[in-house]
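Chain by chain, the residues run as shown.
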Amino acid sequence: MNNIGGMVLQMLKNEISEVDYKRYIKQLQYDEEESKSNLAIFHAPNPLIANWIQTKYSNKISHLFEIKTGVKPTVTVCVKKGNLSSNTPNIPVATPVQGEKLPHTLLNPSYTFQNFVVGGSNNFAYVASKSVSEKPGIVYNPLFIYGGVGLGKTHLMQAVGNVMAAQGKVVIYTSVEQFLNDFSRHLSNRTMDRFKDKYRKCDLLLIDDIQFLSGKNQIQEEFFHTFEALRNENKQIIITSDKHPKKIAGLEERLKSRFEWGLVADIQPPELETKIEIIKKKCEINRVKLDKEVINYVATIIENNTREIEGILSKLNAYSQLMGVDINIQFARNVLKEQIAEKRSNITIDTIMEIVSKELNVKASEIRSKSRNSNIVYARRIAIYLSRNLTPNSMPQLAQYFGMKDHTAVSHTMKKIQELMKNDEDFKIKVDELSNKVSTLTTD
Ligand code: ADP
Ligand code: MG
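Conventions and cut-offs
Residues numbered from 1 in each chain as written. Chains lettered and ligands numbered in written order. Predicted model: local features only at pLDDT ≥ 70, side-chain atom pairs only at ≥ 80, totals over all residues. Heavy atoms only, no water. Core = buried A, V, L, I, M, F, W, Y, C linked by side-chain atoms within 4.5 Å. Buried < 20%, exposed > 50% of the residue type's maximum accessible area, 1.4 Å probe, protein only. Helix = DSSP H or I, 4+ residues; strand = E, 2+ residues; numbered from the N terminus. Contact = heavy atoms within 4.5 Å. Pairing = 2+ DSSP bridges. Near = heavy atom within 4 Å. Polar contact = N/O pair within 3.5 Å; in protein donor to acceptor, adjacent residues only side chain to side chain. Areas by Shrake-Rupley, 256 points an atom, 1.4 Å probe, with all protein chains shown as cover. Nonpolar A, V, L, I, M, F, W, Y, C, P; charged D, E, K, R; others polar. Domains from an automatic or database assignment.

K.L.:
Quick one: what's the story with the nonpolar core, residue by residue and with numbers?
P.N.:
Among soluble globular proteins, nonpolar side chains are generally buried collectively. Of all hydrophobic cores here, the largest spans 30 residues; its most connected members are Val356, Ile367, Ile382, Leu386 and Phe402. Per-element tally for this core: the top contributor is helix 16 (residues 374-390), with 8 residues. Discounting chain neighbours no more than four positions away, the residues touching isoleucine 367 are Met353, Val356, Ser357, Val362, Ile376, Ala379, Arg380, Ala383 and Phe402.

Here's what the structure looks like:
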């Protein structure tokens, strides 16, 4: 390794633990061809190692480059080409795992239809995207996908991109920011022809997170013309957003109406079963082995934001490699303890009561009453169980809140619920689901 990247890694070796160096850093390869003075690209053998190094060492690496060359580059750790899961088409691009400041022009080759788990929450958007990939420019143009953070919008739009790129079509993936930067640059360089050529001559234009067009009038104008040009030529456009076009404030009416010309598809938060399947899929892609118990556990602690999964897997994997032990449920609980504690600090019994009462259709006052009505008892048990598990309240505090005799009554209820959860799968799923709802609402 006598290139600059190799030298920097040698310098890094002296500053970090031997274990980290041997297990992770040593596996990095500097990409001399793709790197520039302000951008250092390294390849790692798999996404977990890439993620781990990116998070832990990219700042340090960037700093070492600065010492050597005087320029502080953005450091991007990517998965090595041809090293992704077998059902991934071989797209000749590198994949930034966390290139925050990188232009969003590259497709992530693991964002494929095969790697996308379909469930009730995303079925509609999936089928729509699949049809578009089969008949681009014909079925739904534009395809507009909207939904909350981490629900798979970018994954789906890039899945279409990957299909078309594999067929040799010209695909552009961009963000509003990137589009705007490009526009400004060409405007000041007086090269608008090239800008127009680029965006109006592609076969597929993917614009991610269009809500950021809001209030930016000049670029809305430009985007309108790009949109018209592409659509007139039957070139496919896919747009994502965090909300329905109608709900994007500060967006020209003519754009809003055009966004609805094709098909508007939403993605909802995944059900527990879908979450479990997504975790299994991510384990498969990243070659992480987790047993059923751990998978179920991870599914119940993640919020609806699926993005969390990869972070959790890489954390579990990294710890287990460092410690040289297998990932069992005890280990997973330990490693993820802090993560959960952080989330729980802002959950209150009142929020839990609100959610349980709404979801199970039982009044909060009834839950706190002494009624023996079976629906009410059911709701009360769940509320107590969630309060005990999700808030820092002690048993005596819970006894007081729920009007019970003392803490032994609470402890008795907890035992009863654990027993029910063991024997009644539907009940367990309901409890997990509510637990998820509470965690999501309180962490937003
Ligand atoms: P969004 O763009 O909606 O914020 P992303 O597409 O970036 O969400 O998805 C976040 C992460 O979750 C990605 O790693 C993606 O692969 C994964 N993901 C989300 N939904 C699914 C799904 N249904 N199947 C497989 N992976 C998913
Ligand atoms: Mg996205």
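Okay, back to it.
K.L.:
Kindly report on the pairing of strand 9 (residues 263-267), identifying the contributing residues and their values.
P.N.:
Looking down a regular strand, the side chains alternate between one sheet face and the other. Judged by how many residues are buried, strand 9 sits mostly within the fold: 4 of 5 residues are covered. Note that strand 5 (residues 143-147) and strand 9 share 5 bridges and pair parallel. Each bridged residue has a counterpart across the sheet, and for phenylalanine 144 the counterpart in strand 9 is valine 264.

K.L.:
Describe in detail the site of ligand 1, supporting the description with residues and values.
P.N.:
Looking at ligand 1, there are 18 residues lining it, with Gly150, Thr154, His155, Lys282 and Arg307 nearest. One of the side-chain N or O atoms of asparagine 122 is found 3.3 Å from a nitrogen atom in ligand 1. Between ligand 1 and lysine 282, the relevant distance is 2.8 Å, taken from an oxygen atom to a side-chain nitrogen or oxygen of the residue. In the complex, 96% of the free accessible area of ligand 1, which totals 550 Å², lies under the protein chains. For the shell around ligand 1, the elements supplying multiple residues, two or more each, are helix 5 (153-166) and helix 10 (272-286). Considering every element that reaches the shell around ligand 1, the biggest residue donor is helix 5, with 3 residues. Considered class by class, the residues forming the shell around ligand 1 number 6 nonpolar, 8 polar and 4 charged. Residues lining the shell around ligand 1 come from more than one domain, with at least three contributed by each of domain 2 (84-269) and domain 3 (272-340).

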